[in-house]
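Observations on the three-dimensional arrangement
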Amino acid sequence: MSVLLSLTKFLLISSTVTILSICYFYMETGKCASPLLHRTYNSMPNVTRQQKSCSCPRSGFDLRQFVNKDKFNDIVKRRAEVYEKDKLRKKTILNELLLAPPNSPLQYPIQGFIVSPLKKGIIPGLSVHIVQQQNYQVTLSVSSGVLAVESLQEKGKVKGQGEKVLSISASSLQSLNDLLGQVSYRSTVYSIKSGDLVHFTFGQHKAIFPVVIREPTIPVLYDLGKDVNSHVTVTTKTFLRYPEVNYLIRSIRTFYKDIKIIIADDSIEPQKVNGTNIEQYFMPPAQGWFAGRNLAVSQVTTKYFLWVDDDFYFTEDTKIEKFVEIMESMPELDVVAGSVGKLANSFTLIYEEGDEEGGCLTRVKGNYQPIPGIPNCFFTSGVINFFLARTDAVRKVGFDPLLKRVGHSEFFMDGLGELLVAICPEVGLNHQRRRANAAYHHFRRPPKSDTDNKLYLHFFKNRLKCMKW
Ligand SMILES: *[C@@H]1O[C@H](CO)[C@@H](O)[C@H](O)[C@H]1NC(C)=O
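Here goes a summary of the coordinates provided. (Residues numbered from 1 in each chain as written. Predicted model: local features only at pLDDT ≥ 70, side-chain atom pairs only at ≥ 80, totals over all residues. Heavy atoms only, no water.)

1. A short note on the packing of helix α3 (residues 72–90) against helix α12 (residues 448–460)
α12 packs onto α3 with a crossing angle of 50° between their chain directions and a minimal axis gap of 10 Å. Between α3 and α12, the crossing angle belongs to the class labelled oblique. Where α3 approaches α12, its residues Phe72, Ile75, Val76, Arg78, Arg79 and Val82 are matched on the opposing element by Tyr456, Phe459 and Phe460. Partitioning the contact of α3 with α12 into residue classes produces seven nonpolar, no polar and two charged. (Axes fitted to C-alpha atoms, helices over the stretch in contact; angles between N-to-C directions. Helix = DSSP H or I, 4+ residues; strand = E, 2+ residues; numbered from the N terminus. Parallel < 35°, antiparallel > 145°, perpendicular 65-115°, else oblique. Contact = heavy atoms within 4.5 Å. Nonpolar A, V, L, I, M, F, W, Y, C, P; charged D, E, K, R; others polar.)

And the structure:
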């Protein structure tokens, strides 16, 4: 039995080797047996992401209806122009598709070669692995920086020192690889985040690999301190609701005597809120939700802030320490939300880029997957107004102050792909019962024009053609 097995193994291995070597032989002469391999070898396809029209979800908003009809063409043209500029800002050579040819004798770094702008680095791992031959000729070329062989002894073997195209010749494999081991790349154009591609050619063999050019970033760290008061600031925004704010503050002080509370206040007739360790920021009247959130978050000095609405109140279940523990155990997380009353609402965002008409966005109630190692927590795209967040991450996304009275989840739209969001419904607080407040409710009820303006904002700013909310 075992003899039979070894025999089969032998046959399998030897036939594989034969096939490989036939192919290798053909490769050397430029005629590999497989037409597929041949094609792959000769032409690197230029693949960019296909722009495909996206289909509007049924019963969603067709945002094109919220664009001024007379100006439609002009607006679409302007939008296309700013979109092109935005793409240029984000464009990088490092996203190009690179294929590795089969059976290449070239060794090179596939990824991970990083150079600081205007600095130099030795390209790691460059060499050729092939049977002995008479002489060897290798060419390396780049498009934005320059190449050189460092500490070069015999100048005759190298052409193009300090230029974009470097040719190296050698009479032995050993000396070729010695020279290749000393090739450096120097960045010559200042940029903070870009790249270059190195074309590495030996006879018919060709490889392309990336150089990442990146200015190193300086860490910005928060000293977490010893207790929850040094980890977290409670932030809220209020407008014409002082009884609610006072109730909220009393409930916070029941469980957290000393935690700092920041209040952004755009009430029409502002009143000073009473209490210790409270920072109240007065704004011009009726600046709106998102402007207030921006102001409150801009004043936070702790690593995390806890967002609450002014009509919430803390309960036994409002365990801020639990949120901090979750965030600290998974540093990739940016936002972790809990539940408000019995509700732990969250949603995922499905976004398609679309073609020149614009993209499509759908908001779907629910979550992605449970978070490994953290029981009863789930990844999601967006949550309600009770969450703990990393201050630095949220500041980068920001709250668009153009959204004054309509908007809730729009912050998470801007944060899609930027913020890793989770929901852990076991941590919770409650909603205060609704008080009679005619002035507030008058302001709170947005006129239709607010909603229309918001939908137009999504048409232009987010380059969407439709959305289902
Ligand atoms: C703070 O206290 C003063 C004096 O008692 C009071 O007039 C004021 O209304 C209080 N502020 C709020 C927001 O309740």
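Now that the structure has been shown, we can carry on.
2. Describing the pattern of salt bridges
Per the stated rule, a full pass over the model turns up 18 salt bridges. One salt bridge connects lysine 303 with glutamate 328, and the closest N-O pair in it is separated by 2.8 Å. Of the two residues, lysine 303 sits in the loop between α7 (289–298) and β16 (304–307) while glutamate 328 sits in helix α8 (residues 320–329), which places them 25 residues apart along the sequence. Here lysine 303 falls in the buried class, since its relative accessible area comes to 16%. Overall, glutamate 328 belongs to the partly exposed group, its relative accessible area being 33%. (Salt bridge = Lys/Arg side-chain N within 4 Å of Asp/Glu carboxyl O. Buried < 20%, exposed > 50% of the residue type's maximum accessible area, 1.4 Å probe, protein only.)

3. Observations regarding the environment of aspartate 266
Looking at the element boundaries, aspartate 266 is found in the loop between β14 (261–265) and β15 (278–282). In this structure the C-alpha to C-alpha distance between aspartate 266 and glycine 288, which are 22 residues apart in sequence, comes to 7.4 Å. Ignoring any residue separated from it by four or fewer positions in sequence, one finds aspartate 266 in contact with Lys237, Thr238, Phe239, Met283, Pro284, Pro285, Ala286, Gln287 and Gly288. Within the local environment of aspartate 266, its side chain forms a polar contact with the backbone nitrogen of glutamine 287, the two atoms lying 2.9 Å apart. (Polar contact = N/O pair within 3.5 Å; in protein donor to acceptor, adjacent residues only side chain to side chain.)

The values reported here are purely geometric and, on their own, carry no functional implication.
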